[in-house]
Amino acid sequence: MTPKSSTSEFPTADYYDRLRHSVAHIMADAVLQRYPGTKLGVGPTIENGFYYDFQVDNPFTPDDLIEIEKSMQKIIDLDLAFESRAVPRSEAISLLQDQPFKKEIVNDLDQEEEITFYRHGKFDDLCEGPHLQSTGQVPSFKLLSTAGAYWRGDEQRPMLQRIYGTAWESSDQLDSYLQNLEEAQKRDHRKLGRQLDLFSVQDETGPGLILWHPKGARIRTIIEDYMRQEHYSRGYELVYTPHVGKAKLWETSGHLDYYRELMYASMNIEGQEYFLKPMNCPFHIMVYETSKRSYRDLPIRLAELGTVYRYERTGVLHGLMRVRGFTQDDAHIFCRPDQIHEEIIKVLSFTFDLFKTFGFNEFDLMVSTRPKKFVGSVENWDLATESLKTAIEEFQIPYGIDEGGGAFYGPKIDIQIRDAIGRSWQCTTVQFDFNLPDRFDLSYVGSDGQTHRPYMVHRALLGSVERFFGVLLEHYAGSLPLWLAPTQVVIIPIADRHLEYVEKLANDLGKALIRTHIDQRNERMNLKIREAQAQKVPYMLIIGDKEIESNTVSIRQRDGAQLDPMPSEEFLSRVVAEIALRGGNATES
RNA sequence: GCCCACAUAGCUCAGCAGGUAGAGCACGUUCUUGGUAAGAACGAGGUCAUCGGUUCAAGUCCGAUUGUGGGCUCCA
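Since the model is a prediction, treat every value here as computed from it, not as a measurement.

Attention shifts here to the protein's contact with RNA strand B. Among the 53 residues in the neighbourhood of RNA strand B, the closest are listed as Tyr150, Arg322, Ile494, Asn522 and Ser554. Elements represented by at least two residues in the surface near RNA strand B include exactly β7 (140-150), β8 (159-168), α6 (189-195), β20 (424-432), β23 (455-464), α16 (525-534), α17 (545-550) and β27 (552-557). Looking at the surface near RNA strand B element by element, the count peaks at seven residues for α16. Of the residues contributing to the surface near RNA strand B, the split by class is 17 nonpolar, 16 polar and 20 charged.

This is how it looks when you write it as C-alpha cells:
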C-alpha cells in the first residue's frame, strides 16, 4: 500500500459514520422530493451502510430505488452544505409538526439533552449528527433493498418501509463490498446443501423440517460420533429421552406456563395429554431423580443429542439456521456449590477445544447477569455469575457483560463464533438454572447427612447440530476438511481396462475406513475431474496405464493442485494420518 | 405473525398485447476408451405451486392459499 499524505483523510469508523449518516439524509431528501407527505422514521448507520424508515402510501419497488438513486445523485452533484444548529425544544416540536415519528423521538429525549437539526438544501432533519461538510463529499453509494420494519421494532405499531443502502470512500471500495456480498451468497448453506446434495426442506414435509440426504447424514454422523466420544472422555454420561412427554411434566417444569407459545399443540393419547418436547431438561431431571444422590456422586453430567421441536413463526425460518425441529448437543450438569467453578472451566475448555477442531478460532463471549425479575436467592446468583466470569478470565479471553440480560432462572454465558468471512454465529450457551431444581425439588445428601439442593447448569456447545452444520458449510464454503468430507477420495479410471486395478485400490482404501468412490461411468476423465471438483472431494486419484505399471497413484486436490505421483500405500497412510489430525483451514476467498 | 418480492422440467433460467411451453445442465440409449475442469448423436421429462375469478381463450390479468427470499420481531 502506498503511504498517504498526512492531510488525506483515512476512512476511519468516524468517517464512515459521517458519510453514511449523510447519505441517509440525502436519501430521505430524495424520497421527500419524490413523495411529498412522507413521514420520516429513523435513519441510522449500520455495519457497512445505513437505512432510513419511511411511512409512504405505497411500498417502494425496485424501480423506485433506481429513481431515488438518481435524485440522490443530483443532490450530491449540487454539493449542498450540511449545516447543524441547536434548536430549543418548543421550536423543534413546531418544526416537526408534520413528522409524528420524529416528534415522538423529541418527546422521549431527556429535557436537558440538546436538540440538533441538520440541514442541506431544503431538507431539514432532527439528527444527532455528525455529517460531512457537504453532499458533494459523497464518493460512492448504492441502495440495496427494501423491507418492512415496525416503528421502534414493535409489532403493535405501524409498519414503515425501510430502504437499506451502503456508502464507501471510493467506487472501488463499493465494488469490493458488493463482491463480498456475492461471495457470501455463493457460500450460502442452502445453495451448497442443494449443490452437494446434503439436505432439503420440502413443501410436502413442512417448513423448517429438515430432510438429511445420505451425504449430509454422513457428515452429521461423523460430527455426532465425534461429539459422543468427546462427551464420554470428558466425564459425561449419554442418555436418550423421548420426543414427547405428559402434560404434567411440562406443568411441573413451568414450560406450559412460560414457554407455551413456542410449543406445538398437544396430542391426546388414551385420554392423556402429551406434548412434543421443546427442551430436554425435564427428561434429564427425571433421570437424575431416579435414585437418591449423594454428594459423592456429583457432579453428574447427563448429555444427549436431543431433538426438540419449537414453533417458530414462518417469517423467521431460514435454511438450517432457524428451523422447527432441531437437535441440541445438550447436557445438564448437576453439582455442588464447591464444584461450580471447576465445572464451568471444564465446559469452556470443552467448547474451545471443539471449535478449534472444527476450524473456528475467534469467539465473542457475553455474560448475562441477573434481571429485574428472577427466581432463586441473590447469593446463589452472585456465586453463579462470579463463577462464570472467573472461569472466562482463566482463559484470558475478553468478554462483554449484558447487565440484567440473564433469563429469569439464572445467569449465562453465550458464545458466538466467527466464520471465515467474519460473520458471527450464536452457538454455545451455558446457563445456570435456579428454577427447575426447585420445581422438581431436586436434592442430594451432603456429607452432613442433610438434604441439599444441587446446582444445575444447562449447556449446549454447538447449540443446534442443524445450525452448526449450516455454519460449518458456510465457513468452509462447502470444502469440508478431509475428516468431515462425505467422500474423501474419488478414484478416476481413465479407461475401462483400468477398472479391475482400481477396484482393488478402492478396496484397500475402504479397509482403512477412507470414504472412497470409484467413478466408473462411461465418461471422459476430464468430466469426472470437473464433477469431483465441483463436489469438493478432497482427493482425486487418476489411474491409467502409467500408474498401474508403476504401482503409483496420480493425485489431484480439489483446489486443482497436483501432488507428485506416489505409491498407493504411501497415499493411503498419508490420508489416514491426515484424517486422524482432524485438521482444516477455511479459505478467506 | 407483519411488509415487499418471487414460485415455469431434478437443477439454473428464458418465455408473455392473454392464443394451450423452450434452452443448458442432470437423466436414458447408442457411438466413443478418452491423460488433469464439459467428446458426440438421439431420446424421455412440465395439467407453468394450489384453488378460485375475469375472458371465446390464462403460465401470462385479478383474488385467496401454500411455500421460498429480503427484512421486522424472535432465537439454538
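This is not the end of the story, as more comes after the structure.
Looking now at the domain arrangement of chain A. Domain boundaries assigned for chain A yield domain 1 (13-183), domain 2 (192-241 + 277-475), domain 3 (243-276) and domain 4 (489-581). Once you take the C-alpha centre of each, domain 3 and domain 4 turn out to be 53 Å apart.

Okay, the pairing of β20 next. The buried fraction of β20 is high, at seven of nine residues. Where strand β19 (residues 412-418) meets β20, seven bridges bridge the pair, whose relative direction is antiparallel. What sits directly across from isoleucine 415, in β20, is threonine 428. Hairpin connection, β19 to β20: the antiparallel pair is bridged by five residues, and glycine 422 has positive phi, about 85 degrees. As paired elements, β20 and β23 share four bridges and run antiparallel to each other. In the sheet register, phenylalanine 432 faces β23, and the bridge partner there is valine 457.

Moving on, we get to empty space enclosed by the protein. Scanning the entire structure with this criterion turns up one cavity of 30 Å³ or more. In this structure, the largest cavity occupies an estimated 50 Å³ of space. If you go around the largest cavity, the residues you meet are Met227, Arg228, His231, Leu238, Ala303, Glu304, Leu305, Asp329 and Asp330. Listed by contribution, the elements that provide at least two residues to the lining of the largest cavity are α7 (214-233), β15 (300-309) and β16 (325-335). Considering only residue class, the lining of the largest cavity consists of four nonpolar, one polar and four charged.

Bringing the side chain of aspartate 519 into the picture now. Mapped onto the elements of the fold, aspartate 519 is located in the loop between β25 (516-518) and α16. In this view, aspartate 519 contacts Val490, Ile491, Pro493 and Lys528; residues no more than four positions away in its chain are not counted.

Per the stated rule, a full pass over the model turns up 31 aromatic pairs. Seen from their ring centres, tyrosine 226 and phenylalanine 358 are 5.9 Å apart, and the 85 degrees between their planes marks the pair as edge-to-face. Highlighted residues: tyrosine 226 in helix α7 and phenylalanine 358 in the loop between α11 (340-357) and β17 (363-368), separated in sequence by 132 residues. Like tyrosine 226, the residue phenylalanine 358 is buried in the burial classification. Here phenylalanine 432 and phenylalanine 434 contribute two aromatic rings whose centre-to-centre distance is 6.0 Å and whose plane-to-plane angle is 20 degrees, an arrangement assigned as stacked. The pair formed by phenylalanine 432 and phenylalanine 434 is uniform in burial state, with each residue classed as buried. By way of ring pairs, the aromatic residues Tyr226, Phe352, Phe355, Phe358, Phe360, Phe363, Phe395, Phe468 and Trp483 are connected into one cluster. Of note, arginine 20 hangs over the ring of tryptophan 168, and the distance from its end group to the ring centre comes to 4.6 Å. Above the ring of tryptophan 212, the side-chain terminus of arginine 220 is found at 4.8 Å from the ring centroid.

Time to look at the confidence of the model for chain A. Mean pLDDT over chain A works out to 90, with 97% of the residues at or above the 70 mark. Under a pLDDT of 50 for its full length, residues 1-9 has, in the predicted model, five contacts with residues more than four places off or in other chains.

Conventions we followed
What you see as residue numbers is a count from 1 along each chain, following the sequence as written. Naming scheme: in the order in which they are written, chains are lettered from A and ligands are numbered from 1. Given that the model is predicted, a residue must reach a pLDDT of at least 70 before its local features are reported, and side-chain atom pairs must reach 80 or more before they are shown or counted; all residues, however, enter totals for whole chains, interfaces and linings. Side-chain numbers come from the whole structure's heavy atoms, not from hydrogens or water. Think of it this way: one heavy atom of a residue within 4 Å of a molecule or strand is enough to make that residue near it. Put simply, DSSP marks the helices as runs of H or I at least four residues long and the strands as runs of E at least two long, and each gets a number from the N terminus on. Here the term charged refers only to Asp, Glu, Lys and Arg, the term nonpolar to Ala, Val, Leu, Ile, Met, Phe, Trp, Tyr, Cys and Pro, and the term polar to all other amino acids, Gly among them. For each domain, the first and last residues come from an automatic or database assignment. Exposed residues in this analysis have more than 50% of their type's maximum accessible area, buried residues have under 20%, and partly exposed residues fall in between, with area computed by a 1.4 Å probe over protein chains only. DSSP-based pairing: two strands are paired if at least 2 bridges between them are found. In the cavity and pocket records, a cavity denotes points on a 1 Å grid over the protein atoms alone where a 1.4 Å probe fits but cannot get out, a pocket denotes an open set with protein on both sides within 12 Å along at least 5 of 7 lines, and lining residues are residues with an atom within 4 Å of a point. Grid points are joined across faces, edges and corners, and a volume is the space filled by probe spheres set on the points. Only heavy atoms matter for contacts: two residues are in contact if any of them lie within 4.5 Å across the pair. Only the six-membered ring of Trp is used, alongside the rings of Phe and Tyr, when aromatic pairs are assigned; centres must lie within 6.5 Å, and planes under 30 degrees apart are stacked while those over 60 apart are edge-to-face, with the rest tilted. Lysine and arginine charges are scored as sitting over a ring when NZ or CZ, respectively, is within 6 Å of the ring centre and within 35 degrees of the ring normal. Each residue carries a pLDDT value, the predictor's own confidence for that position, ranging from 0 to 100.

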